[in-house]
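As a plain string of letters, each chain reads:
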Amino acid sequence: MQRNKLLFATVLTILLTAGFVATSVIGYFIAEDSLEKQIAEETLPLTSDNIFSEIERDLLRSILISSLMAHDTFVRDWVVDGEEDPEAIIRYLAEIQRKYETTTAFFVSEASRRYYHPDGVLKTVSREDSGDAWYFRAREMSEPYEINIDHDTAEPSRLSIFVNYRVEDEAGDYIGVTGIGLAVETVAELIESYQRRYGRSIYFINREGEITLRGSGYDGPTSIQDRPGLARHATRILTNPSTEFGYVRPGDGKVYVNTRLIPELDWFLVVEQRESSANARLLSTLIVNILLALGVAALVLLTGGWTLRNYQRRLETMATTDHLTGAGNREALEVLFEQAQRFGRRHDQPVSIINLDIDRFKTINDRHGHQAGDRVLRELVDTVSSQIREADTLCRWGGDEFVILLPDATAEHARLTAERIREAVAQRNRLPESEQTLTVSQGVAQCRPGESLDSLLHRADQALYQAKRDGRNRLAVG
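Presented here is an overview of the structure given in this document. Residue positions within a chain follow its written sequence, with the count starting from 1. In keeping with the model being predicted, local features are shown solely for residues with a pLDDT of at least 70 and side-chain atom pairs are shown and tallied solely at 80 or more, while totals for entire chains, interfaces and linings include all residues. Hydrogens and water molecules were not included; the side-chain quantities draw on all heavy atoms of the structure.

Looking now at the sheet that holds strand β4 (residues 145-151). Read across the open sheet, the six strands follow the order β3-β2-β1-β6-β5-β4; overall the sheet is antiparallel. Both outer strands of the open sheet, β3 (120-124) and β4, are each paired with one neighbouring strand and no more. Averaged over all neighbouring strand pairs, the angle between strand axes comes to 25°, with direction disregarded. As paired elements, strand β1 (residues 104-109) and strand β2 (residues 114-117) share two bridges and run antiparallel to each other. Note that in β2 the partner of valine 108 across the bridge is tyrosine 115. A pair of strands is labelled paired if DSSP reports no fewer than 2 bridges between them. Starting at the N terminus, helices and strands are each numbered in turn, a helix being any DSSP run of H or I of at least four residues and a strand any DSSP run of E of at least two. Structural elements are reduced to axes, namely lines fitted to C-alpha atoms, with helices fitted over the stretch in contact, and the angle between N-to-C directions of any two is expressed from 0 to 180 degrees.

Shown next, in the form of structure tokens:
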């Protein structure tokens, strides 16, 4: 009996041990067989998607800033008035560059062909200068903006990503191009970060296969046509928006490749990984690494997909300008408030708002019609815009209600600004078909630490209602 028990225990131990060993060995070979497919179809595309998402995020922010510049009434009015004060536009561009931390900011006037920059008037663009071809291309384009990579006029040795945004006057006539530039080094830093994190080789190539941007670890030739083993795949890469494949590189063995076209840059993103490095990680921590990699990949993919969809949705729905008055709209106010709040926290600067409402505006519409009411709104925006700083933003919140965002402004500063606006409106603006002056009531509030825009607007609304109750044509501080 004892002998049978020992035999059973021995057989069971051998079977269990053999089973675990066999399962581990089979799992290893299965994982090894599936490694190529995993790298080609999941790992490398995920790295490519992450880099693409971060590039898209920076480009969307740059497009929004350039759009705000192109629709800024100060820029339009300055051009229409004949560019009499060059220092005004130079200060404006310097403020944009400082406020949004861009590499450069610029404006080129169609009337004078001058290239304005925070450092001054750099040049006069000309068709004879090949370096100015971008301006005449933007001048003729039908789209509102373009993204291109070019050498910076202010610093020719620096390669930058530019957003060139057309500027039109109120009649829709073209009057120039404005925008900002981002240093290509920003993308290079992103490459370095991903190479350190994942141990992959990442670089960009142009339409001719020339390597335009690469990480510090790249030591190959300057063109994929000269890269051993990869040259025969060059046509496949350059004629497809995305592709994945493997090739054998002398001295390195099997290499997996994923490529995708970045339309905004007109460059291809190339991500490579050697099979030997992947096998080393697989052998060291097979099960843990696979489970962790799948979990992290799923999380990053879901998060990245959600973030990208969210940005796309916001881009589709975002219209930064109120078409009736030329002031900003709600979406623009929300974006600019977040930026002003972050900047204020970083530099210990206050942020305030003014809530402005036309007194008895409904009566104006009822007596004189909506066209007259629209004219009153436009004239009011012109008056208010003349009384606020370049850094301040006037937005139409709805109907006859406007909100003015004042970065680096205390409640007292905002109160003085509101009083100046009230006096200017009373002096300049008249009711339709009448000598009676237009009046406005205003509510002022200073943002508290960590306060949301809704809460700040609510306090400004309460102050506005108090001004209305006190007899209109006045202001109150919340």
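Now that the structure has been shown, we can carry on.
Another aspect to go through is the packing of helix α11 (residues 370-385) against helix α12 (residues 411-428). The N-to-C vectors of α11 and α12 enclose an angle of 135°; their axes lie 9 Å apart at closest approach. It follows from the interaxial angle that α11 and α12 lie oblique. As α11 runs across α12, the sense of the crossing is right-handed. Along the contact surface, α11 presents Leu380, Thr383 and Val384, while α12 presents Ile421, Ala424, Val425 and Arg428. Between 65 and 115 degrees an angle is taken as roughly perpendicular, under 35 as roughly parallel, over 145 as roughly antiparallel, and anywhere else as oblique. The handedness criterion is simple: a crossing whose near helix is rotated anticlockwise from the far helix by less than a right angle is left-handed, and one whose near helix is rotated clockwise is right-handed. The contact rule is simple, with two residues in contact once any of their heavy atoms fall within 4.5 Å.

Moving on: the pattern of salt bridges. Salt bridge, as applied in this entry: a Lys or Arg side-chain nitrogen positioned within 4 Å of an Asp or Glu carboxyl oxygen. In the structure shown here, the tally under the stated rule is 24 salt bridges. Residues glutamate 110 and arginine 139 are paired through a salt bridge, measuring 2.8 Å at the closest nitrogen-oxygen approach. In this pair, glutamate 110 is assigned in the loop between β1 and β2 and arginine 139 in helix α4 (residues 133-140), connecting sequence segments 29 residues apart. Overall, glutamate 110 belongs to the buried group, its relative accessible area being 16%. In this structure, the salt-bridge partner of aspartate 392 is arginine 389, at a minimum N-O distance of 2.6 Å. Note on classification: 1.4 Å probe, protein chains only; a residue is buried when its accessible area is under 20% of the maximum for its type, exposed when over 50%, partly exposed between these limits. Classification of aspartate 392 as buried rests on a relative accessible area of 8%. Bridged by salt links that share partners, the residues Glu110, Arg113, Arg139 and Glu140 form one connected network.

A word on the environment of glutamate 168. Among the secondary structure elements, glutamate 168 is positioned in strand β5 (residues 159-168). On the basis of relative accessible area, glutamate 168 is assigned to the partly exposed category, the value being 31%. As for glutamate 168 and histidine 71, which are separated by 97 residues in sequence, their C-alpha atoms are 8.0 Å apart. Residues in contact with glutamate 168, not counting those within four places in the same chain, are Arg76, Asp173, Tyr174 and Ile175.

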